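Residue strings, one per chain:
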Amino acid sequence: ANLRNFISAAVRATRASGDAVRIFVGIVKKGLFHHITQAEEDRAIQALKRYREKKHLRDAMPEKKHGVFVSKLTDGLLQTVPEARRFDIEPIRPRF
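Residues numbered from 1 in each chain as written. Predicted model: local features only at pLDDT ≥ 70, side-chain atom pairs only at ≥ 80, totals over all residues. Heavy atoms only, no water.

The helix and strand tally for the protein stands at four helices and zero strands. In sequence order, the protein lays out its α and β elements as α-α-α-α. Counting the 96 residues in the protein, one finds 32% classified as buried. Taking contacts inside the protein between residues at least 6 apart in sequence as the whole, the part at least 24 apart equals 67%. Carbon together with sulfur atoms contributes 52% to the accessible area of the protein, which is approximately 6900 Å² in total. (Helix = DSSP H or I, 4+ residues; strand = E, 2+ residues; numbered from the N terminus. Buried < 20%, exposed > 50% of the residue type's maximum accessible area, 1.4 Å probe, protein only. Contact = heavy atoms within 4.5 Å. Areas by Shrake-Rupley, 256 points an atom, 1.4 Å probe, with all protein chains shown as cover.)

A few words now on the environment of L48. For L48, the position within the fold is in helix 3 (residues 38-60). Sequence separation of L48 and R4 is 44 residues, and the distance between their C-alpha atoms is 7.9 Å.

With that out of the way, let us pick up helix 2 (residues 20-30). Of all the residues in helix 2, the buried ones are A20, V21, F24, V25, G26, I27 and V28. Within two residues after helix 2, G31 carries a phi angle of roughly 65°, on the positive side.

The next point concerns the environment of H34. Note that H34 resides in the loop between helix 2 and helix 3. Remark: the alpha-carbon pair of H34 and N5, spanning 29 residues in sequence, is separated by 9.6 Å.

Here helix 1 (residues 2-15) crosses helix 2 at 145°, and the two axes come no closer than 8 Å. The chirality of how helix 1 crosses helix 2 is right-handed. Side by side, helix 1 and helix 2 meet where F6, A9, A10, R12, A13 and T14 of the first sit next to A20, I23, F24, I27 and V28 of the second. Class assignment of the residues belonging to the contact of helix 1 with helix 2 gives a composition of nine nonpolar, one polar and one charged. (Axes fitted to C-alpha atoms, helices over the stretch in contact; angles between N-to-C directions. Left-handed = near helix turned anticlockwise from the far one by under 90°. Nonpolar A, V, L, I, M, F, W, Y, C, P; charged D, E, K, R; others polar.)

A few words now on the pattern of salt bridges. The full count for this structure, using the stated rule, is three salt bridges. Between R4 and E41 there is a salt bridge, and its shortest N-O distance comes to 2.9 Å. Here R4, found in helix 1, pairs with E41, found in helix 3; they are 37 residues apart in sequence, far enough to count as distant. Residue R4 is classed as partly exposed on the basis of its relative accessible area of 31%. (Salt bridge = Lys/Arg side-chain N within 4 Å of Asp/Glu carboxyl O.)

Structure below.
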């Protein structure tokens, strides 16, 4: 549930009007996951499934290396938000 909430927060932040980075940080730091809609959670689950399918294919090919899941997934989601690249923020480490 924590990973799903983290990814859902990224989806919510990229869909909401305003500063996506600050929205994402606010949701995660303050635990405002109740602001995430079911549609946004469904999109996050789909993104997680796509990643896991790709990871499974990459794991079948050991010569290919891949990085940390969360950073790649959030980078992919934040590519749609150009202003997100302007901020130097400390990475948020999810609590598992």
